[in-house]
Structure formats: structure tokens, C-alpha cells
Amino acid sequence: MPRSSITFPVSLSRRLLLGLAAAQLAVPLLVGSVQAASMDEIKKRGLIVATEDDFRPFEFVKDGKPTGFDNELLEDLRKFAPFEVKQEIIPWTGLLAGVSTGKYDVALTAAIITKERKKSLDFTSPIADATHYYVKRKGDTSINSVKDLSGKICGVQAGSALLGRLPELEATLKKDGGSLGKVVEYTSYPEAYQDLALKRVDYVVNTIINLKTLVAEKPAVFELGQAVSGKSFPAWAVAKDNKDLLAFLNDFIAKEKTNGRFAELQKKWFGEAFPDLPVAFEPEF
């Protein structure tokens, strides 16, 4: 497919930022090396939240303004909080590291809850379903089920929980005598989708919500596949053991669920509500 027929713009400056952030993550996180701000400190200087710049439909920038599910909740949080709420919009690769080291108070994003992440972070109540699916090119008859992914090239975001759960897909393929093919890691999902459209990879793995959004926006280019993981849930993240802030955020989420606002925004951005989300989630992976 010609490059001009599909565009997922990623500017040079964005690529440089992503590269720098990725380089920072090459250094292991030092859990507890920086003291997370207490609620008393936050009340004085304001809550600093970090959101992602390009993760539809949760957070993205359109016409120079932040929008999406999490950004609408952020506006509600500003009304709920008895103190200032400040926002930093950054690439995904710097979000969780920034929270675990005290640079930001909250990663107000759809961070998938994993065992590894829980070593340095605590998570709010889940905000959606994040079961992992694959997406393929529209009309690619070589892929009709999960078993057809055997030996094919997979695209996934570097440093993502989805990358960490690919062994589940590998185990599924092995049961049918297949194998996981080459895995290509990307700094952002728009780059992965572009390479899928250009036939540089055969399929991309992401969460069900993100892929439904992609297919709805580009129905002539992409087609949703099947699940390639067990249940998974995204949530907002705070530094490990920052219990007061975690309780504050969970109180806000509970209020949004009780008054119907949460379901309203889920339907608006995801096309469906998730009324049976767990209050807390302990991941197996």
C-alpha cells in the first residue's frame, strides 16, 4: 500500500523525545530512591499528573488540545480536588518511570497492571478492559485465527505490558505445533500500525479498546482479530505505598462510577461500558 494512502504522523521532534525517554529507561528503576510527595505536600503545591500524548482513545492531542477518556476524567478530577491539578503531556516511555521516581504524582493513563510494575507502583481501581487482541491488514486471508499467527512477524510497543505477555501467545501457538515469529518493538503504536499497513509486519498486538478504535477509524485498512491473552486491566498508577494519594484517587473513581459519569465516558470513548470491573486486581503476569 502506498505510504500516501495512510498517515500516522510522527514528527522528528517526537521521535527524538521518544528516543531520549527510552534511553532513560535503560537504567533500572531505583525503587524508593525518591520519596513520593505526601498528600500534605500535594495540597500545598498541587497534584502533578502525567498523561500520554498519543494513545487513542484514552489520551491524545487533537487540534492542539488534550482529549480522550482520561483527559475528560482529568477535568472532572480538577473539580473534585480541593487543590490545583497540573498536567504534563509526555510520551509513554517516560510515564511510569517518572511516577516511580517522584517526578510526577500520578500516571493518569491506561497502564496495564502487571506483577513487575507492582514492584515500584500501586494502581487505582481498573478503568476498563485491556484484554490483548491482534489486528491484521484488511483482507489478509493468511490470518483467520490465532493459530495462523505462527511464524508471522508481530508488532508491539517497546516497554509495554503487552510485550511481557507475548509468552501466553507463544504457549498457545506451541499447543498447535506452531511458534511465535519475529517480534518488532516500536516506540509508539502509530508507527506499528503504519508498518502493518505497509506490510512490514503481519499483525500488531494491543488492547481490545485501542484496536477497536483503530479499526473504527480505518475500516478499509485494518481488521480486528481474536484475543491472545487472558484477562487484563488498565489503571492509573502512583508510587509504591503512596496510600493516601491512592485512596484519594479511588474515592474520585468511585464517585464517578456512582453518579454514572464513568459509564457515560466509557460508552463515548470505548463504545461500551464495563460495569463489572474489579475493585482491585492481582495480576498473574
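Computed from a predicted structure; not experimentally measured.

## Some details on the overall build of the protein chain
Line of reasoning, step 1. Secondary structure assignment for the protein chain yields 10 helices and 13 strands.
Line of reasoning, step 2. Taking all 285 residues of the protein chain together, the buried fraction comes to 54%.
Line of reasoning, step 3. Carbon and sulfur atoms make up 53% of the accessible area of the protein chain, which totals about 13,300 Å².

## A look at the packing of helix α3 (residues 69-80) against helix α10 (residues 261-270)
Line of reasoning, step 1. Across the interface, α3 lies against α10 with an axial gap of 10 Å and an inter-helix angle of 150°. Regarding the angle of α3 to α10, the classification is roughly antiparallel. Judged by the sense of rotation from one axis to the other, the crossing of α3 with α10 is right-handed. Mapping the contact onto sequence places F69, E72, L73 and D76 in α3 and R261, F262, L265, Q266, K268, W269 and F270 in α10.
Line of reasoning, step 2. Each residue belonging to the contact of α3 with α10 can be placed in one class, and the counts come to six nonpolar, one polar and four charged.

## Overview of the packing of aromatic side chains
Line of reasoning, step 1. Tallied over the entire structure, the rule returns 15 aromatic pairs.
Line of reasoning, step 2. An angle of 50° between the planes, with centres 6.2 Å apart, marks the rings of F270 and F274 as tilted. One exposure class covers both F270 and F274, and it is buried.
Line of reasoning, step 3. Each member of the aromatic cluster is reached from another via a ring pair, and the members are F55, F58, F69, F262, F270 and F274.
Line of reasoning, step 4. It is K257 that lies over the ring of F262; its NZ or CZ is 5.3 Å from the centre.

## Quick word on the sheet that holds strand β2 (residues 54-55)
Line of reasoning, step 1. Spatially, the three strands line up as an open sheet ordered β2-β3-β4, and their pairing is antiparallel. With partners counted over all chains shown, the strands left at the sheet margins are β2 and β4 (65-67), one partner each.
Line of reasoning, step 2. Looking at chain direction, β2 and strand β3 (residues 59-62) are connected through two bridges and run antiparallel. In the strand pairing of β3, F55 is matched with E59.

## A short note on empty space enclosed by the protein
Line of reasoning, step 1. Applying the stated criterion across every chain yields a total of three cavities of 30 Å³ or more.
Line of reasoning, step 2. As a volume, the largest cavity reaches approximately 110 Å³.
Line of reasoning, step 3. What lines the largest cavity is a set of 14 residues, among which F55, W92, A110, Q157 and L162 lie closest to the centre.
Line of reasoning, step 4. Elements with a contribution of two residues or more to the lining of the largest cavity: β6 (106-112), α5 (161-164) and β11 (203-207).
Line of reasoning, step 5. Of the residues in the lining of the largest cavity, the class split is eight nonpolar, four polar and two charged.

## Quick notes on unusual backbone geometry
Line of reasoning, step 1. Across the junction of R56 and P57, the peptide omega takes the value 0°, indicating a cis bond.
Line of reasoning, step 2. By the element assignment, P57 lies in the loop between β2 and β3.
Line of reasoning, step 3. Despite not being glycine, D63 shows a phi value in the positive range, around 55°.
Line of reasoning, step 4. Among the structural elements, D63 can be located in the loop between β3 and β4.
Line of reasoning, step 5. Residue D63 is classed as exposed on the basis of its relative accessible area, which comes to 75%.
Line of reasoning, step 6. Even without a glycine there, the phi angle at K199 is positive, about 65°.
Line of reasoning, step 7. The residue K199 is located in the loop between α7 (189-197) and β11 in this model.

## So, the confidence of the model for the protein chain
Line of reasoning, step 1. On average, residues of the protein chain score 87 in pLDDT, and 88% of them reach the 70 mark or higher.
Line of reasoning, step 2. Every residue in residues 1-33 is under pLDDT 50, and counting partners more than four places away or in other chains gives 40 contacts.

## Describing the pairing of β3
Line of reasoning, step 1. Count of turn residues in the β2/β3 antiparallel hairpin: three residues.
Line of reasoning, step 2. Of the strand pairs in this sheet, β3 and β4 are connected by three bridges, and their pairing is antiparallel. Opposite K62, over in β4, you have K65 as the bridge partner.
Line of reasoning, step 3. Linking two consecutive strands that pair antiparallel, namely β3 and β4, is a turn of two residues; a positive phi of about 55° is found at D63 within it.

## Digging into the sheet that holds strand β12 (residues 222-227)
Line of reasoning, step 1. Overall, mixed pairing links the five strands, which are arranged β10-β9-β11-β8-β12 in an open sheet. What marks the edges here is a single partner per strand, and that holds for β10 (183-186) and β12. Adjacent strand axes in the sheet meet at a mean angle of 35° when their direction is disregarded.
Line of reasoning, step 2. Relative to β12, strand β8 (residues 132-137) is paired through four bridges, and the arrangement is antiparallel. Bridge pairing in β12 places R137 opposite F222.

Scoring rules and cut-offs
Residues numbered from 1 in each chain as written. Predicted model: local features only at pLDDT ≥ 70, side-chain atom pairs only at ≥ 80, totals over all residues. Heavy atoms only, no water. Helix = DSSP H or I, 4+ residues; strand = E, 2+ residues; numbered from the N terminus. Buried < 20%, exposed > 50% of the residue type's maximum accessible area, 1.4 Å probe, protein only. Areas by Shrake-Rupley, 256 points an atom, 1.4 Å probe, with all protein chains shown as cover. Axes fitted to C-alpha atoms, helices over the stretch in contact; angles between N-to-C directions. Parallel < 35°, antiparallel > 145°, perpendicular 65-115°, else oblique. Left-handed = near helix turned anticlockwise from the far one by under 90°. Contact = heavy atoms within 4.5 Å. Nonpolar A, V, L, I, M, F, W, Y, C, P; charged D, E, K, R; others polar. Phe/Tyr/Trp six-rings, centres within 6.5 Å; stacked < 30°, edge-to-face > 60°. Lys NZ or Arg CZ within 6 Å of the ring centre and 35° of its normal. Pairing = 2+ DSSP bridges. 1 Å grid on protein atoms, 1.4 Å probe; cavity = no way out; pocket = protein on both sides within 12 Å on 5 of 7 lines; lining within 4 Å. Points joined across faces, edges and corners; volume = space filled by probe spheres on them. pLDDT = per-residue confidence, 0-100.

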